[in-house]
Each structure stands twice: as structure tokens, then as C-alpha cells.
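Below are the chains, spelled out letter by letter.
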Amino acid sequence: MGRSWYAFWNNVLNVLPPHGRALDWRGAWAARHLKSAGKRLRISSLVNIYDPSNVSVGDHVYIGYGCYLGAGSITFEDEVVLGPFCAIAAGNHTKMDGSYRYGPYEHGEIHIGRGTWLGAHVTVTAGVTIGAGCLVAAGAVVTQDVPDGVTVGGVPAKIISEGP
């Protein structure tokens, strides 16, 4: 089943509430189309996974309301939590003849480590690895790799706290 059928049925499932059993139903539907999926993927309403065949998720991953997972390779290890309206953009537009409109699209990779929490409205750009056990503060834009166990925030994101 192609991307358009996935998108169609994903939209049908969006009429269900953004909580309760509907999280499991949307997760089970998406898991069938992802590159790989662990146990108990939970997905809230209005999540847009641009190319599910390039997304891998571990066990007990939660993807919050209104998130966007863009083109390119995206990996979430176990127990990753995405707050509402996160944008995980694993690709970039490039310029051609001084314009981004018709420049070729380049795909990148994003890797989010085990137990990491991305707060609301976080953006992660192509080529970024976020380590295990991190907290990414709401509204942050992550443009560079993040080591394990730190809290980052800001635009662009910088380390604001180390350790527990």
C-alpha cells in the first residue's frame, strides 16, 4: 500500500479523539507502514508522517498532537516522547539559480536517543543526532548534535543544563 493510501487512512483515523485507545489504534496503523516499529507506538491526532517507509521507532514511543515527520531517514529509539507540534525535518531544500523554489531536495538523517523528550513546538533539522535521556525545551530549534543526558533550549538550541 502506497503513501497516498497511508495518508487517506491516517486522515480517517484523525476523527478519533487525541487520547485513550485512539492513540493505540493510530499507532498500530502507522506501525504497519513504518520501516520498523517496536511495541506500543502511540500517536495522537493530526500527525503527518511524510514518508512512513523511512521512519523507525523503538518500543513505547509517543508522538504528540500535530507533529510532522518530514522526508529522510528518522529513527526514534525506545521511550522517545514528542510533545505537540514538533517538526522533525530530515531533509532540506537547496538553491538553484538563486531560488529555493526549484532547487533539488536533499535527504538527511535524524536520530533521537532512548528516553528523550522533545517539548512542544520543537524543530529538529536534518543531520542531527540527539543523545539518550535528553530534554529539549519547548520551542527549541536543534541544528547540531546533542550529547546524552543534557537539557537544551533556544534558537538555535544550546546546552542549558547537564545531568539530572
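Remember, it's a predicted structure, so these values are computed and weren't measured experimentally.

J.: What am I meant to see in the overall build of the chain here?
T.: Within the chain, the regular secondary structure consists of two helices and 19 strands. Looking at the chain residue by residue over its 164 residues, the buried ones come to 40%. Considering only intrachain contacts with a sequence separation of at least 6, the fraction spanning at least 24 residues in the chain is 21%. Summed over its atoms, the accessible surface of the chain is roughly 8500 Å², and 56% of this surface lies on carbon and sulfur atoms.

J.: Looking at this structure, how should I read the pattern of salt bridges?
T.: Any two side chains of opposite charge can pair, so long as their charged atoms come close to each other. Applying the stated criterion across every chain yields a total of four salt bridges. The salt bridge partner of Arg21 is Asp24, with a shortest N-O separation of 3.5 Å. With a gap of three residues between them, Arg21 and Asp24 both fall in helix H2 (residues 21-31), about one helical turn apart. Arg21 sits in the exposed class, given a relative accessible area of 54%. Asp24 gets classed as buried once you look at its relative accessible area, which sits at 13%. Sharing partners across several salt bridges, the network here consists of Arg21, Asp24, Arg40 and Arg42.

J.: What's the story with the packing of aromatic side chains in this structure? I'm lost.
T.: All told, the structure shown has one aromatic pair when counted by the stated rule. Judged by centre distance (5.5 Å) and plane angle (80 degrees), the ring pair of Tyr65 and Phe85 falls under edge-to-face. Of this pair, Tyr65 sits in the loop between strand S5 (62-63) and strand S6 (68-69) while Phe85 is found in the loop between strand S8 (81-82) and strand S9 (87-89), placing the two residues 20 residues apart along the sequence. When its relative accessible area of 40% is taken as the criterion, Phe85 is described as partly exposed.

J.: Please explain the sheet that holds strand S7 (residues 73-76) as it appears in this structure.
T.: Spatially, five strands are ordered S1-S4-S7-S12-S15 in an open sheet, and the strand pairing comes out parallel. With partners counted over all chains shown, the strands left at the sheet margins are strand S1 (36-37) and strand S15 (129-130), one partner each. Note: S7 against strand S12 (residues 109-112), four bridges, orientation parallel. Considered in S12, the bridge of Ser73 is made with Glu109.

What counts, and at which threshold
Residues numbered from 1 in each chain as written. Predicted model: local features only at pLDDT ≥ 70, side-chain atom pairs only at ≥ 80, totals over all residues. Heavy atoms only, no water. Helix = DSSP H or I, 4+ residues; strand = E, 2+ residues; numbered from the N terminus. Buried < 20%, exposed > 50% of the residue type's maximum accessible area, 1.4 Å probe, protein only. Contact = heavy atoms within 4.5 Å. Areas by Shrake-Rupley, 256 points an atom, 1.4 Å probe, with all protein chains shown as cover. Salt bridge = Lys/Arg side-chain N within 4 Å of Asp/Glu carboxyl O. Phe/Tyr/Trp six-rings, centres within 6.5 Å; stacked < 30°, edge-to-face > 60°. Pairing = 2+ DSSP bridges.

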